[in-house]
Structures are given as structure tokens and as C-alpha cells.
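Below, each chain spelled out in residue letters.
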Amino acid sequence: MKEALAEAEKAAAMGEIPVGAVIVKDGAIIARGHNRTETDKDPTAHAEMIAIRRAAEVLGGWRLPGCTLVVTLEPCSMCAGAIVWARIEKLVIGTMDPKAGACGSVFNIVQDPRLNHRVEVETGCMQDACAGLMKKFFRDLRERNRKYKLKEQQE
């Protein structure tokens, strides 16, 4: 999770929502990703999607058996679907997302018995650090927006 947090910090430094992900196979990190939706102008450029694409390149196929995805924030429905389709074995989540999470909070796509693959899920890994990074990002964003509005009012 420390490596996923480092990826999330990269996203925050770029002005992106601070989500980071790594994919591990046989004890080694084979892929990394951090949010790039604003930078790339791409709604699919979530940390998990980037990491999944890179892992598929490394392994030479779209199935990622024996892989663990470690992510700082509970994946959304798009990412949860990709996790299932990629046949990722295990998902480790730092903090849950009660507004848009699709791995146990709002939905539970990764463990839906109607699908052909279910993912083992572990939650709460370094939860305080992951949640703290998100809270700080949005607190700072609100402060920047407040200062911007005040500046506009003064002009």
C-alpha cells in the first residue's frame, strides 16, 4: 500500500484526485498507475485502469490470474468491472468510497455471484493514510476555490 500511496501522491501533485494503484504478482510489483483523468482528458484514466493496462502489457494478455491489485480508494463501477474481466485474484483497498464505491460500499461488483469471476477483497489497509490524503486534497481544493471566488468578488 505504501507504493500505491506514492502513486496517489503523484496524482495529487498533478492536481488529480489522489488515487494510486499497483498490481503485484509473485511478490513483485508489475504495474503502477495513478489518476490522470484531468491530465489526459480521459474519463477512463483512473489509477486502476492504467495499472490493469500496464499489467496486461507486461504479462502479454488481458487475463491477470494470480495478481493482486492494491488501491488507495475503493474502485468505482467502471474499475470494478475491469477488475472482474481481468480475472484479478485479490483486491486490497485502503479506504472505502461511500459515494461511488463498487466493491462493497454502494455496489459490490467484484463479488457479485451472477458474474463468472469473483475477487477476494481486503479493506482498511493503511486506511488512515489513504483517507487522510483524500481529505487533505479536497480540503485544499475547497480552500483554493474559496480564495478564487473571493479574488473574483474583489475585482
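Residues numbered from 1 in each chain as written. Predicted model: local features only at pLDDT ≥ 70, side-chain atom pairs only at ≥ 80, totals over all residues. Heavy atoms only, no water.

Trainee: Account for helix H1 (residues 2-13), with residues named and values stated.
Mentor: Between the first and last C-alpha of H1 there are 17 Å, a value that for 12 residues agrees with the 16 Å anticipated at 1.5 Å per step. All of the buried residues along H1 are Ala4, Leu5, Glu7, Ala8 and Ala11. The buried side chains of H1 occupy one side of the element, clustering within an arc of 155 degrees when seen end-on. In H1, those exposed residues whose orientation departs by more than 90 degrees from the buried face are Lys2 and Ala13. Phi for Gly15, located one or two positions after H1, is positive at around 85 degrees. (Helix = DSSP H or I, 4+ residues; strand = E, 2+ residues; numbered from the N terminus. Expected span 1.5 Å × (residues − 1). Buried < 20%, exposed > 50% of the residue type's maximum accessible area, 1.4 Å probe, protein only. Arc of directions from axis to C-beta.)

Trainee: With reference to specific residues and values, describe the pattern of salt bridges.
Mentor: A full pass over the atoms with the stated rule returns eight salt bridges. Ionic pairing is found between Arg32 and Glu7, a salt bridge with its closest N-O pair at 3.9 Å. Here Arg32, found in strand E2 (residues 28-34), pairs with Glu7, found in helix H1; they are 25 residues apart in sequence, far enough to count as distant. For Glu7, a relative accessible area of 2% gives the class buried. A salt bridge links Glu120 to Lys90; its shortest N-O distance comes to 3.9 Å. Of the two residues, Glu120 is situated in strand E5 (residues 120-123) and Lys90 in strand E4 (residues 90-95); the sequence distance between them amounts to 30 residues. Look at Glu120 and you get partly exposed, because its relative accessible area is 44%. The class of Lys90 is partly exposed, set by a relative accessible area of 21%. One network of salt bridges, in which partners are shared, links Glu3, Glu7, Lys10 and Arg32. (Salt bridge = Lys/Arg side-chain N within 4 Å of Asp/Glu carboxyl O.)

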